[in-house]
Amino acid sequence: MADDDHGFATEQVHGGFVPDAAHGARIPAIHMSSGFLFDDFDQARGRFAGTDDGYTYTRLGNPTNADVERRIALLERGAEAILVSSGQAAATVAFLGLLQAGDHVVSARSIYEGTRGLLLQNLGRLGIEVDFVADARDLDAWAAAVRPNTKLFFAETIPNPKNDVLDIRGVADTAHRAGVPLVVDNTLATPYLVRPVEHGADVVIHSASKFLSGHGSGLGGVVVDGGRFDWSASPERWTHLTTPEHALGGRSYVEAYGTRAYVVYARDVISSRIGPTPSPFNAFLLRQGLETLSLRIERHVANALTVATWLEQQPEVTSVDHASLASSPFHDLAERYLPRGAGSVFAFTLAGGEPAARAFIDAVQLFSRMTHLGDVRSLILHPASTTHAGRTPAERAVQGIDDGLIRVSIGIEDVADLLRDLERGFAALRHGLEARRGSATELASLEHAAPGRHVIAEEL
């Protein structure tokens, strides 16, 4: 587009589009091709030397994928984006573009379990250490965790499943005082609810399989570079970006690309070598999802707040973790950073522990029982026995993952239907409670008539 003074909905439809000069197609083609032809010897040389902007091999770049990269970078107000095959791939590429053996990461404790495992197990085996900040709102705790070898801060804008909103500006400023960038996972918020770069974040990642795509039909991930971090300010800290490279004609990445040094390195050295290449067909599905992002998120958010408010009124519910509720300890941060709403992924806790959660989840019919988020369909899951099953009970307790906690990702269905379906879950709880009361009454009666008889029944 000719200028950047357009609304979000306009940008999600038109942003980054490059017209098809050859055919005039309004929708970019799906380029399902491993490689691309060279016109001649010199063009091949030029593309490998970087003096020709054409494509060589889909692992290194593809026109369909590039179209999506331009649009997401625009929506996030970043300088450039790298499309990869999943959210985990996005985290891996983002981290390895900054880290090497002996480095240190400071991370919020409340993050996706897959990313936690990546930091502790995968990067840990490479000699990279991580410290977790228990209370992400405690900026002094972030600062106190910094070491001389710290290379990045990491957090999520809306963590899963507790909906505990991040103070983006506060953590970003703390990171910058330490001379390191803030990497933020913005999957559950999307750029429609918050643009972390506008609040000081330096790198933004997404599992594009979730809300950006929206339909649960394909995997994808994206790394967005804000393009503002000064990699030359501490050249000894970023030697992989500031050391001269033969492939760059004796220049460093900083000398060759300036503020783009990180994203070029992450693309050319990390992503292209590891190879988490998304299928151009999945990129096309993601592009289709992006065009309706704001419309879907508005419905997701409205439905979620209605459901969360209703859940708070149910006597079987001990707590509802949604930052748009006045009862949330993160309500002030939601008002500051998320005026359009705190997303649609949140948790509520039932008083009856795992048995109550089991009965509730097995009773619903409209909610899909599956491990996914950000679908147009509403989803439901029991974290303690699935996503967080690898944590000890004590660790889960510290994070507030009670045995009765249920995670929901609210979709775009008619909200009255969602409430009716959740009522099925509560009806199952009440029926079970009544049955247990009836059994207790019967046993008490048997005990009164013939002491010890109920013991024989239990043994049978």
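I will try to describe carefully the structure that is included in this document. Everything numeric in this text was worked out from a predicted model, so none of it was measured.

## Focus on the pairing of strand S12 (residues 405–409)
Burial of S12 is extensive: five of the five residues sit out of reach of the surface. Side chains Leu405, Arg407 and Ser409 project from S12 onto one buried face, and the interleaved Ile406 and Val408 project onto a second face that is buried too. Pairing geometry for strand S9 (residues 345–350) and S12, over five bridges, is antiparallel. Within S12, the residue paired with Ala347 across the bridge is Arg407. Examined bridge by bridge, strand S11 (residues 379–381) and S12 share three bridges and lie antiparallel to one another.

## Comments concerning the packing of helix H4 (residues 87–96) against helix H5 (residues 113–122)
Remark: H4 packs on H5, axes separated minimally by 10 Å, with the N-to-C direction vectors making an angle of 35°. Regarding H4 and H5, the two cross each other, and that crossing is right-handed. Side by side, H4 and H5 meet where Gln88, Ala91, Thr92 and Phe95 of the first sit next to Gly114, Thr115, Leu118 and Leu119 of the second.

## Details of the layout of surface pockets
Taken as a whole, the largest pocket holds about 1,500 Å³ of empty space. Taken together, 46 residues make up the lining of the largest pocket; nearest its centre are Arg47, Leu60, Val264, Arg267 and Asp268. Elements with a contribution of two residues or more to the lining of the largest pocket: helix H2 (41–49), helix H3 (63–75), strand S1 (80–84), helix H10 (253–257) and helix H11 (261–274). If one sorts the elements of the lining of the largest pocket by residue count, H11 sits on top with nine residues. Taken together, the residues of the lining of the largest pocket sort by class into 23 nonpolar, ten polar and 13 charged.

## Some details on the nonpolar core
Among the nonpolar cores identified, the biggest contains 91 residues, and Phe95, Leu182, Ile205, Val223, Trp231, Tyr262 and Leu338 are the most heavily contacted of them. Here this core gets eight residues from one element, more than from any other, and that element is H11. Aside from chain neighbours lying at most four places away, what touches Trp231 is Leu98, Pro181, Trp238, Leu241, Thr242, Val254, Gly258, Thr259, Ala261 and Tyr262. Ranked by size, the runner-up nonpolar core spans 26 residues in total, among them Phe360, Ile410, Leu422 and Leu429.

## Re the packing of aromatic side chains
One pass over the full model with this rule turns up 14 aromatic pairs. Residues Trp142 and Phe153 carry aromatic rings whose centres are separated by 5.1 Å and whose planes lie at 35° to one another, so their mutual orientation is tilted. Taken as a pair, Trp142 in helix H6 (residues 139–144) and Phe153 in strand S4 (residues 150–156) lie far apart in primary sequence, eleven residues in all. As far as burial versus exposure is concerned, Trp142 and Phe153 are alike and both buried. Ring pairing ties together the aromatic residues Phe229, Trp231, Trp238 and Tyr262, which thus form one cluster. Geometry around Tyr192 places Arg340 over its ring, the cationic atom sitting 4.0 Å from the centre.

Definitions and cut-offs
- Residues numbered from 1 in each chain as written.
- Predicted model: local features only at pLDDT ≥ 70, side-chain atom pairs only at ≥ 80, totals over all residues.
- Heavy atoms only, no water.
- Buried < 20%, exposed > 50% of the residue type's maximum accessible area, 1.4 Å probe, protein only.
- Helix = DSSP H or I, 4+ residues; strand = E, 2+ residues; numbered from the N terminus.
- Pairing = 2+ DSSP bridges.
- Axes fitted to C-alpha atoms, helices over the stretch in contact; angles between N-to-C directions.
- Left-handed = near helix turned anticlockwise from the far one by under 90°.
- Contact = heavy atoms within 4.5 Å.
- 1 Å grid on protein atoms, 1.4 Å probe; cavity = no way out; pocket = protein on both sides within 12 Å on 5 of 7 lines; lining within 4 Å.
- Points joined across faces, edges and corners; volume = space filled by probe spheres on them.
- Nonpolar A, V, L, I, M, F, W, Y, C, P; charged D, E, K, R; others polar.
- Core = buried A, V, L, I, M, F, W, Y, C linked by side-chain atoms within 4.5 Å.
- Phe/Tyr/Trp six-rings, centres within 6.5 Å; stacked < 30°, edge-to-face > 60°.
- Lys NZ or Arg CZ within 6 Å of the ring centre and 35° of its normal.

Everything listed here is a matter of coordinates, which is why it stays silent on function.
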